[in-house]
Amino acid sequence: MPKTRGMKIGDLANPNRFLRIARVAIPLCAAASAVLLAYGFYRGFHTPAERDQGTVFRIMFVHVPSAWLALGIYSLMATAALGTLVWRHPLADVAQKAAAPIGAAFALVCLVTGAIWGRPTWGTYWEWDGRLTSMLVLFLIYLGIIALWRAFEEPLQAAKAVAILTLVGFINVPIVKYSVDWWSTLHQRASVFRLDGPTMHPAYLSPLLVCALGFSFLFAALLMAAMRNELMRRRVRTLTLFAAREAH
Amino acid sequence: MAALHSTFIAAAYGFAGIVLCALVVWIVLDYRAQRKMLAELEARRAEKK
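Residues numbered from 1 in each chain as written. Chains lettered and ligands numbered in written order. Predicted model: local features only at pLDDT ≥ 70, side-chain atom pairs only at ≥ 80, totals over all residues. Heavy atoms only, no water.

Draft legend 1. Spotlight on the packing of helix α2 (residues 60–87) of chain A against helix α5 (residues 155–169) of chain A. Residue and element names in this part refer to chain A. In contact at an axis separation of 9 Å, α2 and α5 are set at 135 degrees when each is read in the N-to-C sense. Taken together, the axes of α2 and α5 are oblique relative to one another. Regarding α2 and α5, the two cross each other, and that crossing is left-handed. Here Tyr74, Met77, Ala78, Ala81, Leu82, Thr84 and Leu85 of α2 lie close against α5, whose contacting residues are Ala159, Lys160, Ala163, Ile164, Leu165, Thr166, Leu167 and Gly169. Here the residues of the contact of α2 with α5 are counted per class, giving 11 nonpolar, three polar and one charged. (Axes fitted to C-alpha atoms, helices over the stretch in contact; angles between N-to-C directions. Helix = DSSP H or I, 4+ residues; strand = E, 2+ residues; numbered from the N terminus. Parallel < 35°, antiparallel > 145°, perpendicular 65-115°, else oblique. Left-handed = near helix turned anticlockwise from the far one by under 90°. Contact = heavy atoms within 4.5 Å. Nonpolar A, V, L, I, M, F, W, Y, C, P; charged D, E, K, R; others polar.)

This is how it looks when you write it as structure tokens:
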């Protein structure tokens, strides 16, 4: 039977192959992100003012994609944690370590832009309600994961501890998502990802989705670049240990 | 009201821009540092051989 020449997802398990793909994919994803964000923000800033909120709703084009990415990146990290513990995929812990600071940055952007948006619409920057508090907890979990990575010197030892913490912390992801349905909150209910379809007007929805796609490409570029850095850091560590052993 | 809203919008986009640019700069600087260290270590290994 002839061998198929098409690439399978499993082929990415080879770090050298990943580095070759990343060299091409990083600039492509960065360029796609720049084009989509420029177009999305242009469309977003040329939509008519919202009836109740005036123009301040335009914070949505950065706040909502940041929230989606903060949750999405954590879900990706939980999948990578399974990859580390169950399938022992050689790039799973590299991806998990690289994704944590990026997820933390998007969670921080979500929290701060939400607080800034909250002041003119709710009359307060912060309220200890279900959505805001669970999002803050998600940010703190990200910080905990980053701290745990730094607490271990041996990356493979750290990977197992971090994978367990990541899976335990995953319980917060559905809490963030459904907090607006479970508790009475200041934060509005979901208006895009709903079983009965989006309730947002298409004039606002389409630039929002373009911005979300743009931020997703930015995340993809940053993740691959950070994974490449981590693979290089591990090579540096191996060579340093090797040199030290040879010196003795 | 519109001017006040513009201040909030500028603050939100400004903060997001600073955080995401800082992330990009950190990753680029880390890449340069790792590449430099790797080149030095590999040159040292090549000298020994």
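Draft legend 2. Spotlight on unusual backbone geometry. Residues and elements named next belong to chain A. Not every positive phi belongs to a glycine, and Arg88 is a case in point at roughly 50 degrees. Turning to its location among the elements, Arg88 is positioned in the loop between α2 and α3 (92–122). For Arg88, a relative accessible area of 60% gives the class exposed. (Buried < 20%, exposed > 50% of the residue type's maximum accessible area, 1.4 Å probe, protein only.)

Draft legend 3. Expanded view of α5 of chain A. Residue and element names in this part refer to chain A. Relative to the 21 Å expected for 15 residues at 1.5 Å per residue, α5 spans 20 Å between its end C-alpha atoms, a close match to the ideal helical length. Every buried residue of α5 is accounted for by Pro155, Ala158, Ala159, Val162, Ala163, Thr166 and Gly169. Take α5 and look down its axis: the buried residues cluster within an arc of 135 degrees, on one side only. Close packing links the buried residues of α5 with α2, α3, α4 (130–151), α6 (172–182) and α7 (202–247). (Expected span 1.5 Å × (residues − 1). Arc of directions from axis to C-beta.)

Draft legend 4. Main features of α4 of chain A. All names here are of chain A. Over its 22 residues, α4 extends 31 Å from the first C-alpha to the last, a length consistent with the 32 Å expected when each residue adds 1.5 Å. On its buried side, α4 packs onto α2, α3, α5, α6 and α7. Capping the start of α4 is the job of one residue whose side-chain oxygen sits 3.3 Å from the backbone nitrogen of Arg131: Asp129. (Polar contact = N/O pair within 3.5 Å; in protein donor to acceptor, adjacent residues only side chain to side chain.)

Draft legend 5. Main features of the pattern of salt bridges. Under the definition given, this model contains nine salt bridges over all chains. Look at the salt bridges and you will find they share partners, linking Asp93, Lys97, Glu230, Arg233 and Arg234 of chain A together with Asp30 of chain B into a network. (Salt bridge = Lys/Arg side-chain N within 4 Å of Asp/Glu carboxyl O.)

Draft legend 6. Local environment of the interface of chain A and chain B. Across the contact, 37 residues belong to chain A and 24 residues belong to chain B. When chain A packs against chain B, close to 2,800 Å² is buried across both sides, 78% of that on carbon and sulfur atoms. Taken together, chain A and chain B are joined by two salt bridges. One salt bridge connects Glu42 of chain B with Arg235 of chain A, and the closest N-O pair in it is separated by 3.2 Å. In this assembly, chain A and chain B are joined by five residue pairs in polar contact (both at pLDDT 80 or more). Looking at the side of chain A that touches chain B, the elements with two or more residues in it are α1 (15–45), α2, α3 and α7 of chain A. Among the elements that make up the side of chain A that touches chain B, the one with the highest residue count is α7 of chain A (15 residues). The residue inventory of the side of chain A that touches chain B, partitioned by class, reads 25 nonpolar, six polar and six charged. (Buried area = accessible area lost by both parts, 1.4 Å probe.)

Draft legend 7. Region of the structure containing the environment of Met227 of chain A. Residue and element names in this part refer to chain A. Looking at where Met227 falls in the secondary structure, it is placed in helix α7. What makes Met227 buried here is its relative accessible area of 7%. Between the C-alpha atoms of Met227 and Ala22, which are 205 residues apart in sequence, the distance is 9.1 Å. In this structure Met227 touches Phe18, Leu91, Val94, Ala95 and Ala98, once residues within four positions along its chain are discounted.

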